[in-house]
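Summary of structural features
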Amino acid sequence: MRVIIQPDYNELSQWAADYVVHSINRANPTARDPFVLGLPTGSSPLGMYKCLIKHYQEKKVSFRHVITFNMDEYIGLSPEHPQSYHYFMWHNFFDHVDIDPKNVNIMDGNAPDLVEECMRFEEKMEEAGGVDLFIGGIGPDGHIAFNEPGSSLVSRTRIKQLTHDTIVANSRFFENDIRQVPESALTVGVGTILDAKEILILVNGYSKAKALVQAIEGAVSQMWPITALQLHKNSIIVCDEAATLELKVGNYKYFKEIQERVGYQTGR
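In this report, the structure presented in the accompanying data block is examined. (Residues numbered from 1 in each chain as written. Predicted model: local features only at pLDDT ≥ 70, side-chain atom pairs only at ≥ 80, totals over all residues. Heavy atoms only, no water.)

1. Quick notes on the sheet that holds strand S1 (residues 2–6)
This is how it is decided: DSSP bridges decide pairing: two strands pair if at least two such bridges lie between them. Numbering of helices and strands runs from the N terminus; a helix is a DSSP stretch of H or I covering at least four residues, while a strand is a stretch of E covering at least two.
Across the sheet, which stays open at both edges, the seven strands sit in the order S1-S10-S9-S6-S2-S3-S5 with parallel pairing between neighbours. Both edges of this open sheet fall to S1 and strand S5 (104–105), since each of them pairs with a single strand only. Both strand S3 (residues 66–70) and S5 contribute to a ladder of two bridges, which runs parallel. Looking at the pairing, threonine 68 lines up with valine 104 of S5.

Right under this line is the structure:
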């Protein structure tokens, strides 16, 4: 696992966007051999998406031959709902770059058969050749996508009931009214994420400090789903200084020293 420590959220976002651009351009994708990108929603990736849009506008990257799979979607919200993840992705990213709409994959939270929708999503990822780079954020309790504490570390895409804490946390997007927040969602599993060839996790703010220290220094546990990242052979955490509050001083210095000597090459 590599840990990249940036001064603040803006620098974290820029580093992540630069890494995505580097990864796409290194792969030199074509229509027959596209680059497959797993994408998150929420507040953590917003800065990265803004930087990616700027890179596209400056002609530093094209998304024409990129296939995307989003981590999750609420059950019961229409794609046009301002808080649906369909709306989030098109409003904050897809509408501003040259991605082919046919290459965008977001689960349908209103599908007639939600179990079948989850199976279809897994099959489409497999048909695409697997995810080359899966990007995600984490919650203060260590959840990734909607894999709450207690989720199986080999779980696949499925229906998930949301915890009260997650509903309360997400109520900030619903006028701070928890009654408006859906109680369930479709989400990729921890095992689904671990199948990706590479994983990049964004961690920002003091509220994520306990989750970050578990991810790096804690034991692998289903009660902290992010700790499953320790089992992946090619994973990166990019965080800001605020999120490192709980790290041991020795570990903090170790990662900073490594960071100064390593560029974009992957590491463990």
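2. Comments concerning the sheet that holds strand S8 (residues 184–187)
This is how it is decided: Between N-to-C directions, angles cover 0 to 180 degrees, with each direction set by a line fitted to C-alpha atoms, over the stretch in contact for helices. Residues are treated as being in contact if the distance between any of their heavy atoms lies within 4.5 Å.
One open sheet accounts for three strands, arranged S4-S8-S7; its pairing is antiparallel. Only two strands of the sheet have a single partner each, and these edge strands are strand S4 (72–74) and strand S7 (158–161). Neighbour-to-neighbour, the strand axes of the sheet open up by a mean angle of 30 degrees, direction not taken into account. Lying on the sheet, helix H4 (residues 114–127) is in contact with S7 and S8; it crosses S7 at an angle near 120 degrees.

3. What to know about unusual backbone geometry
Condition: Partly exposed residues are those whose accessible area sits between 20% and 50% of the maximum for their type, while under 20% is buried and over 50% is exposed, using a 1.4 Å probe and protein chains only.
Unlike most non-glycine residues, alanine 145 shows phi in positive territory, near 55 degrees. Along the chain, the position of alanine 145 falls in the loop between strand S6 (133–137) and S7. Overall, the relative accessible area of 10% leaves alanine 145 in the buried class.

4. Observations concerning helix H2 (residues 46–57)
Worth spelling out the cut-off: Here the expected length of a helix is defined as 1.5 Å per residue gap, with one fewer gap than residues.
Given a rise of 1.5 Å per residue, 12 residues ought to cover 16 Å, and the 17 Å separating the end C-alpha atoms of H2 matches this to within 8%. Looking at the buried residues of H2, the elements they touch are helix H1 (9–27), strand S2 (35–39), helix H3 (85–92), S6 and strand S9 (199–203). Just beyond H2, the residue with positive phi is lysine 59, at close to 60 degrees.

5. Observations concerning a nonpolar patch on the surface
Selection criterion: In this scheme, patches are assembled from residues that exceed 30% relative accessible area and form no salt bridge. Like charges are connected within 9 Å, while nonpolar side chains (Val, Leu, Ile, Met, Phe, Trp, Tyr) are connected within 5 Å. Computed by Shrake-Rupley with a 1.4 Å probe, the accessible areas treat only the displayed protein chains as cover when residues are assessed. By definition, a salt bridge exists where a carboxyl oxygen of Asp or Glu is found within 4 Å of a side-chain nitrogen of Lys or Arg.
A cluster of nonpolar residues, Val115, Met119 and Ile159, forms a patch on the protein surface that exposes about 260 Å² of accessible area. For isoleucine 159, the position within the fold is in strand S7. According to the relative accessible area criterion, isoleucine 159 is partly exposed, its value standing at 38%.

6. Some thoughts on the packing of H1 against H2
As a reminder of what qualifies: Angle categories: roughly parallel below 35 degrees, roughly antiparallel above 145, roughly perpendicular from 65 to 115, and oblique for all the rest. Helix crossings are classified by the rotation of the near helix relative to the far one: an anticlockwise turn of less than a right angle makes the crossing left-handed, while a clockwise turn makes it right-handed. Ten residue types, Ala, Val, Leu, Ile, Met, Phe, Trp, Tyr, Cys and Pro, are classed as nonpolar, four, Asp, Glu, Lys and Arg, as charged, and the remainder, Gly among them, as polar.
Contact geometry for H1 and H2: axes closest at 8 Å, N-to-C directions at 50 degrees. The angle between H1 and H2 places the two elements in the oblique class. When the axes of H1 and H2 are compared, the crossing they make is right-handed. Within the contact between the two elements, H1 uses Tyr9, Ser13, Gln14, Ala16, Ala17, Asp18, Val20 and Val21 and H2 uses Leu46, Gly47, Met48, Cys51, Leu52 and His55. Class assignment for the residues of the contact of H1 with H2 results in nine nonpolar, four polar and one charged.

7. A few points about the packing of H2 against H3
Taken N-terminus to C-terminus, the directions of H2 and H3 make an angle of 40 degrees; their axes are 10 Å apart at the nearest point. As the angle between them shows, H2 and H3 are arranged oblique. Along its contact with H2, which presents Leu46, Tyr49 and Ile53, the element H3 presents Phe88, Met89 and Asn92. Among the residues making up the contact of H2 with H3, the classes are represented as five nonpolar, one polar and no charged.

8. Overview of the side chain of aspartate 72
Using the following cut-off: Charge assignment in this entry is limited to Lys and Arg as positive and Asp and Glu as negative, and neither His nor the chain termini are counted.
As for its position among the elements, aspartate 72 is in strand S4. Arginine 158 provides the closest opposite charge to the buried, salt-bridge-free aspartate 72, at an N-O distance of 9.8 Å. Not counting the four nearest positions on each side in its chain, aspartate 72 is found in contact with Thr41, Tyr85, Ile106, Met107, Ala145, Phe146, Leu186 and Thr187.

9. A word on helix H7 (residues 209–217)
For H7, the full list of buried residues reads Ala209, Ala211, Leu212, Val213, Ala215 and Ile216. On its buried side, H7 packs onto S1, S9, strand S10 (235–240) and helix H8 (249–261).

10. Here we look at the packing of aromatic side chains
Rules: The criterion for an aromatic pair is that two Phe, Tyr or Trp rings (for Trp, the six-membered ring) have centres within 6.5 Å, with stacked assigned to planes under 30 degrees apart, edge-to-face to planes over 60 apart and tilted to the rest.
Counted by the stated rule, this structure contains 12 aromatic pairs. Their ring planes at 80 degrees and their centres at 5.4 Å tell us that phenylalanine 69 and phenylalanine 121 sit as a pair that is edge-to-face. You can see phenylalanine 69 sitting in strand S3 and its partner phenylalanine 121 sitting in helix H4, a full 52 residues away along the chain. A single burial state applies to phenylalanine 69 and to phenylalanine 121, both of which are buried.

11. Considerations on the environment of phenylalanine 146
Mapped onto the secondary structure, phenylalanine 146 falls in the loop between S6 and S7. Given a relative accessible area of 3%, phenylalanine 146 falls into the buried group. As for phenylalanine 146 and glutamate 11, which are separated by 135 residues in sequence, their C-alpha atoms are 26 Å apart. Not counting the four nearest positions on each side in its chain, phenylalanine 146 is found in contact with Asp72, Tyr74, Tyr85, Lys160, Leu162, Thr166, Asn170, Ala185 and Thr187.

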